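# Commentary on secondary and tertiary structure
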Amino acid sequence: MTEKGKKKGKAPRVAMPEQKPEIRKRNFEEVPTGYTVAMAQEEAARCLQCKKPGCVEGCPVSVDIPGFINLISQGDFTGAIRHVWTKNALPAVCGRVCPQEIQCEGKCIVGKRGEPVAIGNLERFVADWERESGTGALPPQAPANGKKVAVVGSGPSGLTVAGDLIQKGYAVTVLEAFHKPGGVLVYGIPEFRLPKAIVAQEVNFLERLGVKVEVNAVVGRTVSLDELFEEGYEAVYLGVGAGLPRFMNLPGENLIGILSANEYLTRANLMKAYRYPDVDTPIPKGKNVVVLGAGNVAMDSARTAMRLGADSVRIVYRRSRDEMPARGAEIHHAEEEGIEFFLLTNPTQFKGDEKGRLTGMECLKMELGEPDDSGRRRPIAIEGSEFHMDTDLVIVAVGSGANPLLTQSTPDMELNQWGYIVADPETGKTTKKGVWAGGDIVTGAATVILAMGAGRKAADSIDQYLSWGW
């Protein structure tokens, strides 16, 4: 490594400015406020421009990370965003919600002896700069080829497929069941982590490229897959997510005051309940809130409850901190905002009053044994460790299941034992000719960027199929 490279690697990481915890815990404004131009260029200068960049290997959509960072360091922000667009149609989203610490930044050479280059922050910066200051110029597109593709679901995998195929010359229509496009990006992720105006802008970018978006289109109910083919679509991509709520089947789980994170976050985010009564969507507000689970959805639920006025919010998780699946940044932000963590704790039953309303929860302390099938150490109950926890609102965030609306109406498409679509992991091909699938409906609940990676592979496979055949 050159002396210049050594100096670059030793420069401290530029911290992203944020709202102070005591202020943000009671508002829904975005927590990180973004880099200035000077900050972005200072951070970009830390990149060593490796000849064999591990960061690219760690990116599920293979963004040329050193390439766009080098353009930022040179002040060519238009060039930088166009460079990102060649691989990623949703950079403003990815810069905010991707688990960079275990993907691109996790493989950054600078991070071997210090803090890695803030790749996510730089991706967010260049996307935000284009939205606020850019020319609005679009990336180049291939000439229209006259072939139609339907994309079912407008979450991250569906939008990725749409963005890739529209640039390859296909006519793409996205069919969304909800009244707004964006999938989990709008119904699942709170405003303070991903402002909905950002999602709308990313969707608008695809529409400007020529993607047609139809909302309130429930494929599997209003129209079947076979009918889509009859309408002239030559390929269909399924990115319908895994939005079926999952509960724990504990005694008392039907008490008033227990609800799924799916419903809670959909009310708060997509239906704008956080602005009630200005928006006519009610949402339960507890004083002593408990969230079961420790993934990103659990953190989002807990931080939402705090912003809705709870006196206390507790995360209850049956494993230790090391096994928590949430992003490090989300755990850190939750702790800063006063959310308590009850780790190695498992609920056993819920208690209520004579009116059927939740009043508390019985719990057991746990210890960790040998790893289970997930690779995480199996929690084992400690005898005699029972204790009571007062709560008037429990949000269950222990995962979700496969959305059955479409799959139940498509008997000639193979599903696995859990109801997820069986698809080739390298191409996204399903057992039904002309149909691809990807994202959570194939893998179960995962990250935005992994869903986008599946969309990228499927788009390439669809292009090959429509060019050369199945």
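To be clear, the structure that these remarks concern was listed above.
In what follows, the accompanying structure is described. Quick caveat, the model's predicted, so the values are computed rather than measured.

### Description of the pattern of salt bridges
A complete count under the given rule lists 26 salt bridges for this structure. The closest approach of N and O atoms between R303 and E330, which form a salt bridge, is 3.0 Å. Residue R303 is located in helix α14 (residues 296-307), and its partner E330 is located in helix α15 (residues 328-336); the two are separated by 27 residues in the primary sequence. Taking the relative accessible area as the measure of exposure, R303 reaches 1% and is therefore buried.

### Quick look at the sheet that holds strand β4 (residues 235-238)
With respect to topology, 5 strands assemble into an open sheet ordered β3-β2-β1-β4-β16, the strand pairing being parallel. The sheet is open, and its two edges are formed by β3 (212-214) and β16 (435-437), each paired on a single side. Ignoring which end each strand starts from, the neighbouring axes of this sheet average 20 degrees apart. By the bridge criterion, 3 bridges tie strand β2 (residues 171-175) to β3 in an arrangement that is parallel. Bridging across to β3, T173 finds its partner in K212. The sheet strands contacting helix α18 (residues 448-468) are β1 (148-152), β4 and β16, and the helix crosses β4 at an angle near 170 degrees.

### Some points on the packing of helix α9 (residues 156-167) against helix α11 (residues 196-209)
Two elements in contact, α9 and α11, have axes separated by 10 Å at closest approach and are oriented at 25 degrees. Taken together, the axis directions place α9 and α11 in an arrangement best described as roughly parallel. In the packing of α9 onto α11, the handedness of the crossing is left-handed. Counting all contacts with α9, which are made through L159, G163, I166 and Q167, the residues of α11 involved are V203, L206 and L209.

### Notes on the packing of aromatic side chains
Scanning the model with the defined rule gives 7 aromatic pairs in all. Between F77 and F125, the aromatic rings sit 5.2 Å apart at their centres with planes inclined by 85 degrees, giving edge-to-face as the arrangement. Of this pair, F77 sits in helix α6 (residues 77-85) while F125 sits in helix α8 (residues 119-133); the two residues are 48 residues apart in sequence, bridging distant segments of the chain. In this structure, F77 and F125 share a single accessibility class: buried. Chaining the aromatic ring pairs together yields one cluster made of F28, F192 and Y274. The lysine or arginine in question, K148, covers the ring of Y233, its NZ or CZ lying 4.3 Å from the ring centre.

What counts and how
- Residues numbered from 1 in each chain as written.
- Predicted model: local features only at pLDDT ≥ 70, side-chain atom pairs only at ≥ 80, totals over all residues.
- Heavy atoms only, no water.
- Salt bridge = Lys/Arg side-chain N within 4 Å of Asp/Glu carboxyl O.
- Helix = DSSP H or I, 4+ residues; strand = E, 2+ residues; numbered from the N terminus.
- Buried < 20%, exposed > 50% of the residue type's maximum accessible area, 1.4 Å probe, protein only.
- Pairing = 2+ DSSP bridges.
- Axes fitted to C-alpha atoms, helices over the stretch in contact; angles between N-to-C directions.
- Contact = heavy atoms within 4.5 Å.
- Parallel < 35°, antiparallel > 145°, perpendicular 65-115°, else oblique.
- Left-handed = near helix turned anticlockwise from the far one by under 90°.
- Phe/Tyr/Trp six-rings, centres within 6.5 Å; stacked < 30°, edge-to-face > 60°.
- Lys NZ or Arg CZ within 6 Å of the ring centre and 35° of its normal.

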